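Here are the chains, one letter per residue:
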Amino acid sequence: MQKNWYGKSNRLGILGGGQLGRMFIQEAINLDVDVHILDPDENAPCKDIATSFTKGSLLDFDTVYSFGKDKDILTVEIENVNTDALEKLEKEGKKVFPQPHLLRLVQDKGLQKEFYKEHNLPTASFHLIDNKAAIDPFIPTFPIVQKLRKGGYDGKGVQVLRTIENLNLAFDAPSILEEMVPFKKELSVIVARNENGEVVTFPTVECEFNPEANLVELLFSPASISENIEEEAQSLAKALIEKLNLVGILAVELFLTEDDKLLINEIAPRPHNSGHHTIECNVTSQFEQHLRAILNLPLGNTRAFQAGAMINLLGAKGYEGAVYYKGLEAILAIPGVQPHIYGKSITKPFRKMGHITISGDCLEDVIPLAKKVLSEIQVISK
Ligand code: ADP
């Protein structure tokens, strides 16, 4: 097979062809790496920019296996994929990063939590339950957070149970019951590790959630935290990726509690929403770093050379249909505003349709601009 400039054959396949795959391809082009995509949606954001695009289920063994058969390296932009097929491909000598057994761990929030506990990594206390009836003994400890072990994403699969009346909202499925954390900030650290074992973190960022959608609405880089907490967050992320032996990048979502303790909320072994600003604000973007990590190339410099805010462009409530970005042209006139439009033709309430990075010399400049942008742009249908 033909080798490319870094001495390896370069048939790289990604399971998932959404916005993360799309931004990954943009960086892969710079390193002249071809990217082949598998996605169930024939209109996925990657469809026109991938070297090849295969339509098919990410959860079907045969589809994933046959997609991987003629690739050399496989990675994912979503955790919910068929790990049995990836494991078979791995046994047959393909490089699969993140490793399939780690994808299995991340797919199950219960296994994730047990991993933190076994390795003495700080996380909110929890219990594993099999069904709704098992919540009863915990009623005296309400408020409590119930999370589905599998299948939840973007806040779907998370339910706060405050009073007995909330029990009708509870999931009747294997889940975790987690202590409600009084946090003052939600932070995220992205860390990368290559096969040689080199580990590099990105500076910590701060996320503000849209309470209704449970999605990141605003992200700030750098996080406004003390040097001590920054160091602690960085070493926690490093310890985690080393204990997992993961190759690729890992987003580590953290709670900073009111008494300044860091707790791991959850992890994502792929490029993450909390790293989009790295395209404009850091020497190496999270997408390039993931590529470097899975190809076992030296990891890039992650220094933030400017401050940034990131806004998710979510489909507005009450609109479904052909997308129209109201106000986009006007906000382009604001210095430091850089939109990323994901190429999805149909908007739906809270669907991630794009994001905007606002960068500048310091957060004091950037935050007011970000709030202005947030109030002036709306993702609607015509
Ligand atoms: P998802 O995987 O769907 O993103 P998360 O576990 O990250 O779900 O939870 C979504 C959001 O719910 C978090 O970002 C946080 O704002 C809130 N949340 C989750 N767990 C807790 C908790 N134990 N205490 C307080 N808030 C929580």
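What this report covers is the structure whose coordinates are included nearby. Computed from a predicted model, the values in this text were never measured in an experiment.

## What to know about the overall build of the protein chain
Working step 1: Helices and strands together make up the secondary structure of the protein chain, namely 10 helices and 21 strands.
Working step 2: Scaling as 2.2 N^0.38, a compact globule of 382 residues should have a C-alpha radius of gyration of about 21 Å, and the protein chain matches this with 21 Å.
Working step 3: Dimensions of the protein chain along its principal axes, counting C-alpha atoms only, are 65 × 50 × 45 Å.
Working step 4: Across the 382 residues in the protein chain, those meeting the buried criterion constitute 55%.
Working step 5: Partitioning the contacts of the protein chain with sequence separation of at least 6, the portion at a separation of at least 24 is 62%.
Working step 6: Accessible area of the protein chain: about 16,500 Å², with a carbon and sulfur share of 50%.
Working step 7: The distance from the centre of the 40 positive side-chain charges to the centre of the 52 negative ones in the protein chain is 4 Å.

## Let's talk about the packing of aromatic side chains
Working step 1: Tallied over the full model, the rule gives 2 aromatic pairs.
Working step 2: Geometrically, the ring pair formed by phenylalanine 61 and tyrosine 65 is stacked, given 6.0 Å between the ring centres and 15 degrees between the ring planes. Remark: tyrosine 65 and phenylalanine 61 occur in helix 2 (residues 61-69); sequence separation between them is 4 residues, near one turn of the helix.
Working step 3: By relative accessible area, phenylalanine 61 is classed as partly exposed at 30%.
Working step 4: Seen in terms of ring centroids, phenylalanine 183 and phenylalanine 255 are 4.8 Å apart; in terms of plane orientation they differ by 10 degrees. Their pairing is stacked. With a gap of 72 residues between them, phenylalanine 183 in strand 10 (residues 183-193) and phenylalanine 255 in strand 14 (residues 248-257) connect regions that are remote in the sequence.
Working step 5: What makes phenylalanine 183 partly exposed here is its relative accessible area of 34%.
Working step 6: What makes phenylalanine 255 buried here is its relative accessible area of 8%.

## A look at the sheet that holds strand 4 (residues 73-76)
Across a sheet, strands are paired by hydrogen bonds formed along the backbone, either parallel or antiparallel in direction.
Working step 1: Taken together, 5 strands build an open sheet; the order of strands is 3-2-1-4-5 and the sheet is parallel. Looking at strand neighbours, the two that pair on one side only are strand 3 (52-55) and strand 5 (95-96), the edges of this open sheet.
Working step 2: Packed on one face of the sheet, helix 2 meets strand 1 (12-15), strand 2 (35-39), strand 3 and strand 4 and runs near 170 degrees to strand 2.

## Side note on helix 6 (residues 227-244)
Working step 1: Over its 18 residues, helix 6 extends 26 Å from the first C-alpha to the last, a length consistent with the 26 Å expected when each residue adds 1.5 Å.
Working step 2: On the buried face of helix 6, the contacting elements are helix 4 (100-107), helix 5 (109-118), strand 10, strand 11 (199-201), strand 14 and strand 15 (262-268).
Working step 3: Remark: asparagine 245 follows helix 6 within two positions and exhibits a positive phi of approximately 60 degrees.

## What about the environment of alanine 44?
Working step 1: Counting through the fold element by element, alanine 44 comes out in the loop between strand 2 and strand 3.
Working step 2: A sequence separation of 271 residues divides alanine 44 from glycine 315, and the C-alpha atoms of the two residues are 17 Å apart.
Working step 3: The contact partners of alanine 44, leaving out residues within four places of it in the chain, are Gly17, Asp39 and Phe53.

## What to know about the sheet that holds strand 21 (residues 378-381)
Working step 1: Reading across the sheet, the 3 strands line up as 19-17-21 and stay open at both edges, with antiparallel pairing between neighbours. Of all the strands in the sheet, the pair left with one neighbour each is strand 19 (346-347) and strand 21.

## What about the site of the ligand?
Working step 1: Around the ligand sit 19 residues, and of these Lys109, Gly155, Glu178, Glu186 and Glu266 come closest.
Working step 2: One of the side-chain nitrogen or oxygen atoms of glutamate 186 is found 2.6 Å away from an oxygen atom of the ligand.
Working step 3: Relative to its unbound accessible area of 550 Å², the ligand is 91% covered by the protein chains.
Working step 4: Of all the elements in the fold, those that place two or more residues in the shell around the ligand are strand 7 (144-148), strand 9 (175-179), strand 10, strand 14 and strand 15.
Working step 5: Here the residues of the shell around the ligand are counted per class, giving 8 nonpolar, 3 polar and 8 charged.

## Comments concerning the pattern of salt bridges
Working step 1: Taken as a whole, this structure holds 18 salt bridges when the rule is applied.
Working step 2: Between arginine 104 and glutamate 87 there is a salt bridge whose closest N-O contact spans 3.0 Å. In this pair, arginine 104 sits in helix 4 while glutamate 87 sits in helix 3 (residues 83-91), placing the two residues 17 residues apart along the sequence.
Working step 3: Of the charged contacts in the structure, one is a salt bridge between lysine 147 and glutamate 178, with a shortest N-O distance of 3.1 Å. Of this pair, lysine 147 sits in strand 7 while glutamate 178 sits in strand 9; the two residues are 31 residues apart in sequence, bridging distant segments of the chain. Of the two residues examined, lysine 147 and glutamate 178, each falls in the buried class.
Working step 4: Several salt bridges share partner residues, and in doing so they unite Arg11, Asp70 and Lys71 into one network.

Here is what the cut-offs are and how they apply
- Numbers given to residues run from 1 along each chain, matching the order in which its sequence is written.
- The predicted origin of the model limits local features to residues at a pLDDT of at least 70 and limits the giving and counting of side-chain atom pairs to 80 or more, whereas totals for whole chains, interfaces and linings rest on all residues.
- Values reported for side chains reflect all heavy atoms of the structure, with hydrogen atoms and water molecules removed beforehand.
- Numbered from the N terminus, helices here are DSSP runs of H or I no shorter than four residues, and strands are runs of E no shorter than two.
- Atoms considered for the radius of gyration are the C-alpha atoms alone. The globule rule reads 2.2 Å times the number of residues to the power 0.38.
- Burial here depends on accessible area, computed with a 1.4 Å probe over protein chains only, as a share of the maximum for the residue type. Under 20% is buried, over 50% is exposed, and the range in between is partly exposed.
- A contact between two residues is defined here by any heavy atoms of the two lying within 4.5 Å.
- All accessible areas in this document rest on Shrake-Rupley with a 1.4 Å probe, and a residue is counted as covered only by the protein chains that are shown.
- This count recognises Lys and Arg as positive and Asp and Glu as negative, with His and chain-terminal groups excluded.
- Lys charges are placed at NZ, Arg charges at CZ, Asp charges at CG and Glu charges at CD.
- Classification of ring pairs rests on two measures: the distance between centres of Phe, Tyr or Trp rings, Trp counted by its six-membered ring, which must be within 6.5 Å, and the angle between planes, read as stacked under 30 degrees, edge-to-face over 60 and tilted in between.
- Two strands pair under a simple rule: DSSP has to find at least two bridges between them.
- Angular values range over 0 to 180 degrees, each being the angle between N-to-C directions of two axes fitted as lines to C-alpha atoms, with helices fitted over their stretch in contact.
- The span one expects for a helix is its residue count, reduced by one, times 1.5 Å.
- Near is defined per residue: the residue qualifies when any heavy atom it owns lies within 4 Å of the molecule or strand.
- Side-chain atoms alone can form a polar contact between residues adjacent in sequence; in general such a contact is a pair of N or O atoms within 3.5 Å, and within protein one must be able to donate a hydrogen while the other accepts it.
- Residue classes follow a fixed rule: Ala, Val, Leu, Ile, Met, Phe, Trp, Tyr, Cys and Pro count as nonpolar, while Asp, Glu, Lys and Arg count as charged, and any other residue, Gly among them, counts as polar.
- Definition used for salt bridges: Asp or Glu carboxyl oxygen within 4 Å of a side-chain nitrogen of Lys or Arg.

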